Protein chains: 2
Amino acid sequence: MYTKIVSVYGYGRFGKVWADILAENFHVKVYSRRGLKSEEVSPGIEIANKRSIYDCDALFFCVAISSFEEVLKKSSRHCNKGTVFFDTCSVKVFPAKWMKKYLPEGSTIIATHPMFGPDSYLQTERKLPIVMCNVNADQETIEEWAGYFKSKSLQIEIMTAEKHDQMTAYSQGITHYVGRVLADLDLHPTLIDTLGYHKVLEVIEQTCNDSWQLFLDLQNYNPYGKKMRESLRESVERVNSALQEESNDIEPHETINKDQKKGE
Amino acid sequence: MYTKIVSVYGYGRFGKVWADILAENFHVKVYSRRGLKSEEVSPGIEIANKRSIYDCDALFFCVAISSFEEVLKKSSRHCNKGTVFFDTCSVKVFPAKWMKKYLPEGSTIIATHPMFGPDSYLQTERKLPIVMCNVNADQETIEEWAGYFKSKSLQIEIMTAEKHDQMTAYSQGITHYVGRVLADLDLHPTLIDTLGYHKVLEVIEQTCNDSWQLFLDLQNYNPYGKKMRESLRESVERVNSALQEESNDIEPHETINKDQKKGE
C-alpha cells in the first residue's frame, strides 16, 4: 500500500504532538524556520529543509496565527497543486482567507482546528474535537481526511470558518482571556483552597502553559473576540451593580469600609 | 460515655450536610426558622423548637451571613453560658464581631469556616480544610474541637478572622465572582469544548449551585472583597492594554472589524 507523505510546517508545542500523531500512519516530514536537531524529533520522522517540505501529499501548517500570512507568502511559489493544504490555527476566518489568497489557484484547502494542545491531549479520556472548514476541497477529500481523523479517535465537526470563530470566541477565547486575567492577579494555591478555587487554578495553568503570542493571536485574530470581551465587561458591570445595590442596605459593612480607608 | 448534645441552628444546604456529619458522633438537634418536617431530617436527628435548640453542649449557627446578626440578637437571651458557640459562615470578620457582641458575656466562642459545601464534600478525595478562629475560647476547648474535626478527616487551619477574610477574598471570593460573571454570559457546553473551557464550565456550575444570597454576602461582608474586585478590574485593564497594543499592528484585523461594523 502506498504510504502518504505528510509534511508538518512549524514545530512548536502543537506541531510536535501533531507530527507524532500523523507519524503513526504516514511518512512524516517536519520543518521549522528555526532549524531542527535530530534529537528533538521522534524516531522515523524526517527533518526536511525549506524546499523539500513542500514535496508531499498533504501539508499541515502548524505556525503561530500571527506568522501564518508571512509563511504563506513565502511558501506560495514552492507549493505543489497536488498537495492537500491544512492549517491548524485556533482561529479560522483569517487563516482560511489567507490560504485561499496565497496558495496556488485551484489548490485543495481544508482549514482545521484540532481543539487540543500538548497538555489536554495527554490529560483527557474524552473524545477530542477537530473542526474542519472546507475552504476549497472536493467531498471525497473531505471524507477521506475526516475518516482519518476519526480513526485517531477525534470527533469531527464540520462548519464554516465564521461559525467556528463565533463559537470559540465564547469558549476557548473566553477561557484564555479569563486565565490570563487571573494569572495577572498572581493567584496561588493556599492552605484553604475550596474545590471551586482549585478549578480556577487549573484554568490558569491550562491556559498559561500556552505562549503569550498564542493568547494575543487568539483574541486579536478572532473577529468575534472584541465583542466577546465587551459582553464580558457588561456582565462584570451587571454583577457589580447587583452587589452595589445590596451593599447599600448593609450598614455595618459600610462602617468597616470607612474605618478601613481611614486606617490605610 | 457521655454523649454531647450538639445543636445546628439553620438547616439550609450546608446545615443539613453539617448536621449529618455531626450526627455520626453526637446527639444532634436541628432547628430552622422555616420549620422542619421529619422527612427532611436524617433518622436519629432531633427536631428542636426555638427554645430547646439552645439546650446543648455546643451550638453551630448555619445561617446566611446576612441573617446572622439578627439571629444572634434574638438568640442572645436564650443562650447558655456553658455552650460552646460556633458559626460556619464563609466570611469571618463580621460573624466573629457579632458573636462577641451578642452572645452572653464570657461565652466560649469559636468562629469556623468549613471550606466545603454539599457538592464538594461528596466530590473530592482531598482533605477538606476547616478554618478555626479563636474568638473567645480556652486552649483546651480549641484543641478538643480541633481533635474532633481532625477525626472527621478535615484539615485544621487556625488563624485570625482578618487573615481568613484576606485569604479567601482572593480564593473563594474570586472564584464565586468569576463564576457569577461567566454565568451572566450564559455560557454553555458546545460540541467543540476545549479542556480548559470544560474547567470554566465546572467553575460556573460549582459556584452557581450555591444561593445568590451567599454570593452577595460572600462579596459584601468580606472587608477585602471590594479591594479584590478592584485588583481584578486592574488586571482586566492590563490585559486589554496588551491586546490593544498588539492589535494596532494588525492591519487585516482592523479591516475586518470595520467591515463587520458596516454589515451590522
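Residues numbered from 1 in each chain as written. Chains lettered and ligands numbered in written order. Predicted model: local features only at pLDDT ≥ 70, side-chain atom pairs only at ≥ 80, totals over all residues.

### Concerning the overall build of chain A
Link 1 in the chain: Within chain A, the regular secondary structure consists of 10 helices and eight strands.
Link 2 in the chain: Its C-alpha atoms put chain A at 80 × 35 × 30 Å along the principal axes.
Link 3 in the chain: Within chain A, the proportion of its 264 residues that are buried is 45%.
Link 4 in the chain: The contacts in chain A between residues at least 6 apart in sequence include a share of 68% that link residues at least 24 apart. (Helix = DSSP H or I, 4+ residues; strand = E, 2+ residues; numbered from the N terminus. Buried ≥ 20, exposed ≤ 12 C-beta atoms within 10 Å, placed from the backbone. Contact = placed C-beta atoms within 7 Å.)

### Structural notes on the interface of chain A and chain B
Link 1 in the chain: Contact residues are listed per partner, giving 57 residues for chain A and 57 residues for chain B.
Link 2 in the chain: Where the side of chain A that touches chain B is concerned, the elements lending two or more residues are α4 (118-123), β7 (128-136), α6 (161-184), α7 (195-208), α8 (212-220), α9 (225-247) and α10 (251-263) of chain A.
Link 3 in the chain: For the side of chain A that touches chain B, the element with the highest residue contribution is α6 of chain A, accounting for 11 residues.
Link 4 in the chain: Of the residues assigned to the side of chain A that touches chain B, the class counts are 27 nonpolar, 21 polar and nine charged. (Nonpolar A, V, L, I, M, F, W, Y, C, P; charged D, E, K, R; others polar.)

### Looking at the relation of the copies chain A and chain B
Link 1 in the chain: Between chain A and chain B, which share one sequence, the superposing operator has a rotation angle of 180 degrees and an axial displacement of 0.0 Å; the RMSD is 0.0 Å. In short, the pair behaves as if placed about a two-fold rotation axis. For chain A, the residue whose C-alpha comes nearest the rotation axis is K199 of chain A, separated from it by 3.2 Å.
Link 2 in the chain: A shared interface surface links the copies, since 100% of the contact residues of chain A are contact residues in chain B too. (Least-squares fit on C-alpha atoms with pLDDT ≥ 70 in both.)

### Brief notes about α6 of chain A
All names here are of chain A.
Link 1 in the chain: Of all the bends in α6, the greatest measures close to 50 degrees and is centred on T168.
Link 2 in the chain: The element α6 is largely enclosed, with a buried count of 18 among its 24 residues.
Link 3 in the chain: D186 occupies a position one or two residues after α6 and carries a positive phi of about 60 degrees. (Bend = angle between axes of the 7 residues up to and from the residue.)

### Brief notes about the confidence of the model for chain A
Residue and element names in this part refer to chain A.
Link 1 in the chain: On average, chain A scores 91 in pLDDT, and the residues at 70 or more come to 93%.
Link 2 in the chain: Considering only residues more than four positions removed or in separate chains, one finds that residues 252-264, a stretch of pLDDT under 50, has eight contacts.
Link 3 in the chain: Overall fold confidence for the complex sits at a pTM of 0.87, while the interface term, ipTM, reaches 0.86. (pLDDT = per-residue confidence, 0-100.)

### Observations concerning the domain arrangement of chain A
Residue and element names in this part refer to chain A.
Link 1 in the chain: When its domains are assigned, chain A resolves into domain 1 (5-159) and domain 2 (165-249).
Link 2 in the chain: Computed from C-alpha coordinates alone, the two centres of domain 1 and domain 2 are separated by 29 Å.
Link 3 in the chain: The set of elements that each furnish at least two residues to the side of domain 1 that touches domain 2 consists of α2 (65-75) and α3 (93-102).
Link 4 in the chain: A breakdown of the residues in the side of domain 1 that touches domain 2 according to their chemical character gives five nonpolar, three polar and two charged. (Domains from an automatic or database assignment.)

### Details of the pairing of strand β2 (residues 27-31) of chain A
Residue and element names in this part refer to chain A.
Link 1 in the chain: Across the five residues that make up β2, a large majority, four, are buried.
Link 2 in the chain: Relative to β2, strand β1 (residues 5-9) runs parallel, the two being bridged by five bridges. Bridge pairing links V8 to V30 in β2.
Link 3 in the chain: Handedness of the β-α-β unit built from β1, helix α1 (residues 13-22) and β2 comes out right-handed.
Link 4 in the chain: Where β2 lies against strand β3 (residues 46-47), two bridges are found, and the strand directions are parallel. Paired with V30 across the two strands is I47, which belongs to β3. (Pairing = 2+ DSSP bridges. Right-handed = clockwise from strand over helix to strand, strands pointing away.)

### So, the environment of W145 of chain A
Link 1 in the chain: Relative to the helices and strands, W145 of chain A is located in helix α5 (residues 139-151).
Link 2 in the chain: As a C-alpha pair, W145 of chain A and V84 of chain A span 61 residues in sequence and 9.9 Å in three-dimensional space.

### Some points on the nonpolar core
Link 1 in the chain: Judged by nonpolar contacts, the single largest core of 147 residues is most densely connected at V8 of chain A together with V8 of chain B.
Link 2 in the chain: With sequence-adjacent residues up to four places away left out, V8 of chain A is seen in contact with G15, W18, A19, L22, V28, V30, F60 and C62 of chain A. (Core = buried A, V, L, I, M, F, W, Y, C linked by C-beta atoms within 7 Å.)

### Some words on the sheet that holds strand β6 (residues 108-114) of chain B
Residues and elements named next belong to chain B.
Link 1 in the chain: Ordered in space as β3-β2-β1-β4-β5-β6-β7-β8, the eight strands form an open sheet in which the pairing is mixed. At either margin of the open sheet sits one strand with a lone partner, and together these are β3 (46-47) and β8 (154-158).
Link 2 in the chain: Where β6 meets strand β7 (residues 128-136), six bridges bridge the pair, whose relative direction is antiparallel. Its bridge partner lying in β7, T112 is registered against M132.
Link 3 in the chain: Along the sheet, helix α1 (residues 13-22) makes contact with β1 (5-9), β2 (27-31), β4 (58-61) and β6, crossing β1 at roughly 175 degrees. (Axes fitted to C-alpha atoms, helices over the stretch in contact; angles between N-to-C directions.)

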